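# Notes for the structure review
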Amino acid sequence: MPPIIKRSLVEQAVDQLRSRIASGAWSVGQRLPTEPELAYDLGISRNTVREAMRVLAFSGLVEIRQGDGSYLRTVQDPLQAVQAMAHCTVEHARETRHILEAEAIALAALRRTDDDLSALRQALKQSAVHFHGDVDAYVECDIQFHQRLVDAAHNPALSELYRYFSGVVAAALQHNMTTVPRCQATFDLHGHILDALEKRDSETAKRLSRTLIES
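Residues numbered from 1 in each chain as written. Predicted model: local features only at pLDDT ≥ 70, side-chain atom pairs only at ≥ 80, totals over all residues. Heavy atoms only, no water.

### A look at the packing of helix α7 (residues 135-151) against helix α8 (residues 156-176)
Following both chains from N to C, one finds α7 and α8 inclined at 150°, their axes separated by 10 Å at the closest point. In terms of their interaxial angle, α7 and α8 are classed as roughly antiparallel. Helix-helix and strand crossings are classified by hand; for α7 and α8 the assignment is right-handed. Seen from α7, the contacting residues are V135, D136, Y138, V139, D142, I143, H146, Q147, V150 and D151; seen from α8, they are L158, S159, Y162, R163, S166, V169, A170, L173 and Q174. (Axes fitted to C-alpha atoms, helices over the stretch in contact; angles between N-to-C directions. Helix = DSSP H or I, 4+ residues; strand = E, 2+ residues; numbered from the N terminus. Parallel < 35°, antiparallel > 145°, perpendicular 65-115°, else oblique. Left-handed = near helix turned anticlockwise from the far one by under 90°. Contact = heavy atoms within 4.5 Å.)

### Description of helix α1 (residues 9-22)
The end-to-end C-alpha separation of α1 is 20 Å, in line with the 20 Å expected for 14 residues at 1.5 Å each. When α1 is considered as a whole, its buried residues turn out to be A13, V14, L17 and I21. Seen along its axis, α1 keeps its buried residues to an arc of 100°; they face one direction. Looking at the buried residues of α1, the elements they touch are α2 (35-42), α3 (46-59) and β2 (69-72). Phi turns positive, to about 90°, at G24, one or two residues after α1. (Expected span 1.5 Å × (residues − 1). Buried < 20%, exposed > 50% of the residue type's maximum accessible area, 1.4 Å probe, protein only. Arc of directions from axis to C-beta.)

### Looking at α2
What α2 keeps buried is the set L38, A39 and L42. Down the axis of α2, the sector holding all buried residues measures 100°, keeping them to one side. Next to the buried residues of α2 lie α1 and α3. Backbone geometry just downstream of α2 places G43 in the positive-phi region, at approximately 70°.

### A few points about the pairing of β2
As judged from the four bridges shared by strand β1 (residues 62-65) and β2, these two strands associate in the antiparallel manner. Paired with V62 across the two strands is L72, which belongs to β2. Taking the residues between adjacent antiparallel strands as the criterion, β1 and β2 are bridged by three residues, where G67 takes a positive phi near 80°. (Pairing = 2+ DSSP bridges.)

### Notes on the layout of surface pockets
In this model, the second largest pocket occupies a volume close to 610 Å³. Around the second largest pocket, the lining comprises 20 residues; the ones closest to its centre are A57, V62, E63, R73 and R163. For the lining of the second largest pocket, the secondary structure elements donating two or more residues are α3, β1, β2 and α8. When its residues are assigned to classes, the lining of the second largest pocket shows nine nonpolar, six polar and five charged. (1 Å grid on protein atoms, 1.4 Å probe; cavity = no way out; pocket = protein on both sides within 12 Å on 5 of 7 lines; lining within 4 Å. Points joined across faces, edges and corners; volume = space filled by probe spheres on them. Nonpolar A, V, L, I, M, F, W, Y, C, P; charged D, E, K, R; others polar.)

### Examining the environment of L107
Within the secondary structure layout, L107 lies in helix α5 (residues 90-111). We classify L107 as partly exposed; its relative accessible area is 27%. Remark: the alpha-carbon pair of L107 and A39, spanning 68 residues in sequence, is separated by 44 Å. Ignoring any residue separated from it by four or fewer positions in sequence, one finds L107 in contact with A153 and L158.

### Here's the deal with the side chain of E101
Locating E101 in the fold gives a position in helix α5. On the basis of relative accessibility, which here comes to 1%, the residue E101 falls in the buried class. Within the structure, E101 has its side chain in polar contact with the side chain of H146 (distance 2.6 Å). Ignoring sequence-local partners within four residues, the contact set of E101 consists of T96, H146, V150, Y162 and S209. (Polar contact = N/O pair within 3.5 Å; in protein donor to acceptor, adjacent residues only side chain to side chain.)

### Topic: the pattern of salt bridges
A full pass over the atoms with the stated rule returns 15 salt bridges. Two residues, E160 and R163, come together in a salt bridge whose shortest N-O distance is 3.0 Å. One end of the pair is E160 and the other is R163, both in helix α8 and three residues apart, which spans about a single turn. Residue classification places E160 among the partly exposed positions, given a relative accessible area of 22%. For R163, a relative accessible area of 31% translates into the label partly exposed. In this structure, a network of salt bridges that share partners links the residues R73, D151, E160 and R163. (Salt bridge = Lys/Arg side-chain N within 4 Å of Asp/Glu carboxyl O.)

Here is the structure:
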């Protein structure tokens, strides 16, 4: 007889939640039941629910908003696509950024709102605090800035694609940030891109974005 494979409670909880998502129990964008509600419903502990939700968040199915709850992002499990991205080469990542990010930023220059500019300025301000300091903190802030740049194009498909791809960008950035001292001119390109967005200068925004990707 084949050996019995014991599966953890977290794995079982993940499977149950995936099944409910696939069955249409919740719609995309809907706030999911709270941890206590899910724990009661599934007959498991809140800690198990919390760990299961983290797995679903990592796979991209769920978005956990601190202090607000968890929301369903998609009913299509993107984990395989995310895993494939994680194995792409540096050159493939660079090519993808040129196609995805630079073009999205060009659109953002045409479509951005005043609220977008305000959010971008705030994100860039946070990045500046950490650029010459803690690498992890800077990478987190920089990815948020770039995500907001793409979001300013107001194309949900582009935003979602970049959100999945941002892990690859973060890994490359983490590697590049090991150089000391860090190049201030490279960081300053972020501000120049923001200036181009403010002026609705699409071509300059795209050109600067490509320069930043190659730096």
